[in-house]
Amino acid sequence: MSFRLTTYSIKFESKSFINPVDIIKKEYQFKLNNKIMKRAENKVVVVTGGALGIGRETCLLLAKHGAKVAITDVLDKEGEALAKEINKAGGVSKFWHLDVSKEKEVEKVYSEVYKEFGRLDSTVNNAGIAGVDKPSHEVTEKEWDLVMGINVKGVFFCSKHAIPYMKKSGGGSIVNISSIYGLVGAADLPPYHASKGAVRLMSKTDALQYAKDKIRVNSVHPGFIWTPLVEDFGKEKPGFRKQLDSLHPIGHIGEAIDIAYGILYLVSDESKFTTGSELVIDGGYTAI
């Protein structure tokens, strides 16, 4: 038995004819694009150190993807301006002054965020400082404690006071910003490196403790990113930028948005099976 396939050609005299299939395709593509643009839709997220650098880019990206963003920082002017920028663009955001090294402030801010938005889905513990660049034997107790107070106690306090609200919300995601120097060593910034190593293991401990509560905890390990903190660190070092570029096999230093996309993934439900992990975004630095 044989079959003959016959092709029929239909001519339309009207040039204004619109193919219904094309309409369906366009509608589907619009829905698909809209879905992609809402990877964190209606999630309430606190971002510490949110006014500048990685924190700022993270707030902008989360808001773009539908999150309600609580920006916190000690930089009031910059934080307020960012919240206005997000709201003007159609997002939802509010700024709170917060020194993460002070537990009473942390407790108050997380309580107010929960009252403002009615839930808490994620905290991005990003606030941090580099501290002094001295050999270990020259670092004073005060200099050591300053870095630990913000970089380690700050992560502890924010996680501590976020977790009860995440439990009420049915789960959540804690994203702790560590560093490549939470994974490898270098002959500078002893307090900073120690603090970022602590953040890495704190993340794993909390991931195990709160998995039963559907709270995921992960650390992000950026390579050198051109942020105000890094720029300030190298402002008196000629050729600093080029030197940093050369350290990365990919050929250049990273940008804040590179880290923000990693954070967006960990905040979103796309990472529902990811906890206790280290997300390294470093241009190949730690692969050498």
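Refer to the structure printed above.
If you're wondering where the values come from, they're calculated on a predicted model, not measured in any experiment.

As a general feature of sheets, a regular strand has side chains that alternate between the two faces. Burial runs high along strand S6 (residues 215-222): eight of the eight residues are buried. Across the two faces of S6 the burial is the same, with Ile215, Val217, Ser219 and His221 and Arg216, Asn218, Val220 and Pro222 all buried. Pairing geometry for strand S5 (residues 172-177) and S6, over six bridges, is parallel. In the strand pairing of S6, Ile174 is matched with Val217.

The next subject is the nonpolar core. Ranked by internal contacts, the top residues of the largest apolar core, which has 27 residues, are Leu62, Val69, Ile71, Val124, Val175 and Ile263. Taken together, the elements giving at least two residues each to this core come down to strand S1 (44-48), helix H2 (53-64), strand S2 (68-73), helix H3 (76-88), S5 and helix H10 (256-267). Per-element accounting of this core gives the leading share, seven residues, to H10. The contacts of Ile263, once residues within four sequence positions are left out, are Ile54, Thr58, Val124, Val175, Ile177 and Val220. Residues Val44, Val46, Trp96 and Tyr165 belong to the second largest nonpolar core, which totals 25 residues.

In this section: the packing of aromatic side chains. Taken as a whole and assessed by the stated rule, the structure comprises seven aromatic pairs. Ring geometry for Trp226 and Phe240: centres 6.4 Å apart, planes at 45°, overall tilted. Taken as a pair, Trp226 in the loop between S6 and helix H8 (228-233) and Phe240 in helix H9 (residues 240-247) lie far apart in primary sequence, 14 residues in all. Grouping aromatic residues by their ring pairs yields a cluster made of Tyr181, Phe224 and Tyr285. Geometry around Trp226 places Arg241 over its ring, the cationic atom sitting 4.5 Å from the centre.

If you walk through the whole model with that rule in mind, you get 16 salt bridges. With a shortest N-O distance of 2.8 Å, Glu112 and Lys108 are connected by a salt bridge. Of this pair, Glu112 and Lys108 both sit in helix H4 (residues 103-117), four residues apart, which is roughly one turn of that helix. A relative accessible area of 28% places Glu112 in the partly exposed class. Residues Asp213 and Lys212 are paired through a salt bridge, measuring 3.8 Å at the closest nitrogen-oxygen approach. For Lys212, a relative accessible area of 67% translates into the label exposed. Here the residues in one salt-bridge network are Lys167, Lys212 and Asp213, joined through shared partners.

On to the sheet that holds S6, then. By way of backbone hydrogen bonds, the strands of a sheet pair with one another, either parallel or antiparallel. Strand order in the open sheet made by the seven strands is S3-S2-S1-S4-S5-S6-S7, with parallel pairing throughout. The sheet is open, and its two edges are formed by strand S3 (92-97) and strand S7 (278-281), each paired on a single side. On average, adjacent strands in this sheet sit at an angle of 20° to one another, irrespective of strand direction. Note: S1 against strand S4 (residues 122-125), three bridges, orientation parallel. Across the sheet, residue Val45 finds its bridge partner in S4, namely Ser122. The strands that H3 touches are S2 and S3; relative to S3, the one it contacts most, it runs at about 170°.

What follows covers the environment of Lys153. Relative to the assigned elements, Lys153 resides in helix H6 (residues 153-169). Note: C-alpha distance between Lys153 and Ser195 (42 residues apart in sequence) is 9.4 Å. Leave out the neighbours within four places in its chain, and Lys153 touches Val100 and Met148.

For Thr58, the location among the structural elements is in helix H2. The class of Thr58 is buried, set by a relative accessible area of 1%. Leave out the neighbours within four places in its chain, and Thr58 touches Val47, Ala260 and Ile263.

This part covers H6. Between its terminal C-alpha atoms H6 stretches 24 Å, which fits the 24 Å expected from 17 residues at 1.5 Å a residue. Along its length, H6 reaches its greatest deviation from straightness, about 30°, at Ile163, and the proline Pro164 lies no more than four positions downstream. For H6, the complete set of buried residues consists of Gly154, Val155, Phe157, Cys158, Ser159, His161, Ala162, Ile163, Tyr165, Met166 and Ser169. One or two residues past the end of H6 sits Gly170, with phi positive at roughly 90°.

Conventions used here
- Going along each chain's sequence as written, the residues are numbered from 1 onward.
- Given that the model is predicted, a residue must reach a pLDDT of at least 70 before its local features are reported, and side-chain atom pairs must reach 80 or more before they are shown or counted; all residues, however, enter totals for whole chains, interfaces and linings.
- Calculated side-chain values reflect all of the structure's heavy atoms, with hydrogen atoms and water omitted.
- When a residue's accessible area, from a 1.4 Å probe over protein chains only, is under 20% of the maximum for its type it is buried; when over 50% it is exposed; and in between it is partly exposed.
- Runs of H or I in DSSP of at least four residues are treated as helices and runs of E of at least two as strands, each being numbered from the N terminus.
- Think of it this way: DSSP has to see at least two bridges between two strands before they count as a pair.
- Joining through side-chain atoms within 4.5 Å is the link that ties buried Ala, Val, Leu, Ile, Met, Phe, Trp, Tyr and Cys residues into a set, and such a set is a nonpolar core.
- Here, two residues are considered to be in contact whenever any of their heavy atoms come within 4.5 Å of each other.
- Here a Phe, Tyr or Trp ring, Trp counted by its six-membered ring, pairs with any other such ring whose centre lies within 6.5 Å, and the pair is stacked when the planes are under 30 degrees apart, edge-to-face when over 60, and tilted otherwise.
- For a ring to carry a charge above it, either NZ of a lysine or CZ of an arginine must fall within 6 Å of the ring centroid while also lying within 35 degrees of the normal to the ring plane.
- Should a side-chain nitrogen of Lys or Arg be within 4 Å of a carboxyl oxygen of Asp or Glu, the pair is scored as a salt bridge.
- Axis lines are fitted through C-alpha atoms, for helices just across the contact stretch, and the angle between N-to-C directions can take any value from 0 to 180 degrees.
- Helix span, as expected, comes to 1.5 Å for every residue beyond the first.
- Here the bend at a residue means the angle between the axes of two seven-residue stretches, the one that ends at it and the one that starts at it.

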